[in-house]
Amino acid sequence: SGLMKGKRGLVMGVANNRSIAWGIAKACADAGAEIALTYQGDALKKRVEPLANELGALLAGHCDVTDPATIDAVFSELEAKWGKIDFLVHAIAFSDKDELTGRYVDTSRENFARTMDISVFSLTSVAKRAEPLMNEGGSMLTLTYYGAEKVMPHYNVMGVAKAALEASVRYLAVDLGSNGIRVNALSAGPIKTLAASGIGDFRYILKWNEYNSPLKRTVTIDEVGDSALYLLSDLSRGVTGEVHHVDSGYHTVG
Ligand code: 0WD
C-alpha cells in the first residue's frame, strides 16, 4: 500500500532481523515510507548496516540512549539530511538479566536506575529532541508489554519500568499534543528476540500465551509491524496517549 508515501521516520532499536523494530521498519518501508535506523555500538552496526541497505534506509549513526551526545548527533544528522521527520519508533529496553529471574524484591538500586534510564527516560529524551523536527501530524510510538499491567513471572523490574513507560506515553501525549504530535504504545505479546532471551523461562511464557490467548498462538514481528502502520500513519490521526495490544488477545483473558 502507499499508506506511508511521502513520510520519513526514525526507527531506534534494531539489533538484528528478529527485532520488533525491524518488523516495524519493514512494514513502514513496504508502505512507502523512507526510513532511518540507528544502531548501538560497532557490534550491532555490522548487523544493522545490511538491513538498512535492504530497505534503502539511511543509517543515522550510533546511538546509546545513556549518552545524550549520541542522541544529539543522530538528530543533527537527520536535520541535515531530511530537515523534518514524520514519525519516530522507540523499541529500546534493557535490564540486567540476572534480575529478570527470581524475585522482584531483590532488584538492586543500581539496576533499577539503569533499567529506568534506558527503558523509560530514553523515550522522553528522544521525544524532546524529535519534537522540533516533527511535522504537524507527526507520530511517536514505543513498545511495551503486559507485565506493566499484571505481574508476569520473571519480568520483575522491567514490568515496573513498562508501567512508567506507559504513564510517560500519556504525559508526552499531552505535552506534544498542542503541536499536533501524537504519542502511543504497542503492547506486544511475547516474541523470541535477543532482549527476550534474557528473561527467565521465556519459552514457558511463549507456550502459556499460545495455549491461553484467544487466537491460540503467539504474534510475529510482521504482525506488530502492521499494527504499527496504523498508529504511525494518518489512519490513527485521532488517536493519542493510547496503549494498543497486539498479543493475540491475551490481555482479555490473562
Ligand atoms: O517479547 C518481546 N520481545 C517483547 C518486547 C514484548 C513486548 C515488548 N517488547 C519491547 C522490548 O521491551 C523493547 O522495548 O520491544 C522493544 C524491542 O525489543 P525486542 O525487539 O524484543 O529486542 P531486541 O531485538 O533485542 O532490541 C532491543 C534493543 C537492543 O538490543 P540488545 O538486545 O542488544 O540489548 O534495544 C537497544 C538495543 O539495540 N538498546 C539500546 N539502544 C540504545 N541505547 C540500548 C541503549 N542504551 N540498550 C538497548
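Residues numbered from 1 in each chain as written. Predicted model: local features only at pLDDT ≥ 70, side-chain atom pairs only at ≥ 80, totals over all residues. Heavy atoms only, no water.

Caption draft 1: Representation of the site of the ligand in the model. The environment of the ligand is formed by 26 residues, the closest being S19, I20, K162, I191 and T193. At 2.9 Å, a side-chain N or O of D64 approaches a nitrogen atom of the ligand. Between the ligand and V65 there is a distance of 2.9 Å, counted from a nitrogen atom to a backbone nitrogen or oxygen. Look at the ligand: alone it shows 860 Å² of surface, and the protein chains cover 92% of it. Taken together, the residues that form the shell around the ligand break down as 18 nonpolar, 6 polar and 2 charged. (Near = heavy atom within 4 Å. Polar contact = N/O pair within 3.5 Å; in protein donor to acceptor, adjacent residues only side chain to side chain. Areas by Shrake-Rupley, 256 points an atom, 1.4 Å probe, with all protein chains shown as cover. Nonpolar A, V, L, I, M, F, W, Y, C, P; charged D, E, K, R; others polar.)

Caption draft 2: Representation of the side chain of T193. Considering the arrangement of structural elements, one finds T193 in the loop between β6 (182-188) and α6 (202-212). We classify T193 as buried; its relative accessible area is 11%. If we skip the residues at most four places from it in the chain, T193 touches R18, S19 and I20. (Helix = DSSP H or I, 4+ residues; strand = E, 2+ residues; numbered from the N terminus. Buried < 20%, exposed > 50% of the residue type's maximum accessible area, 1.4 Å probe, protein only. Contact = heavy atoms within 4.5 Å.)

Caption draft 3: Seen up close, the environment of I24. Note on placement: I24 falls in helix α1 (residues 20-30). Owing to a relative accessible area of 0%, I24 belongs among the buried residues under this scheme. C-alpha separation for the pair I24 and L232, spaced 208 residues apart in sequence, amounts to 9.8 Å. Here I24 is in contact with V89, L143, V224, G225, A228 and L232, once residues within four sequence places are set aside.

Caption draft 4: Here's a closer look at the environment of L172. Here L172 lies in helix α5 (residues 156-177). Given the relative accessible area of 9%, L172 is considered buried. When the C-alpha positions of L172 and L215 are compared, they lie 32 Å apart, and in sequence the two are 43 residues distant. When residues no more than four places from it in sequence are discounted, the contact partners of L172 are L123, T124, A127, G177 and V183.

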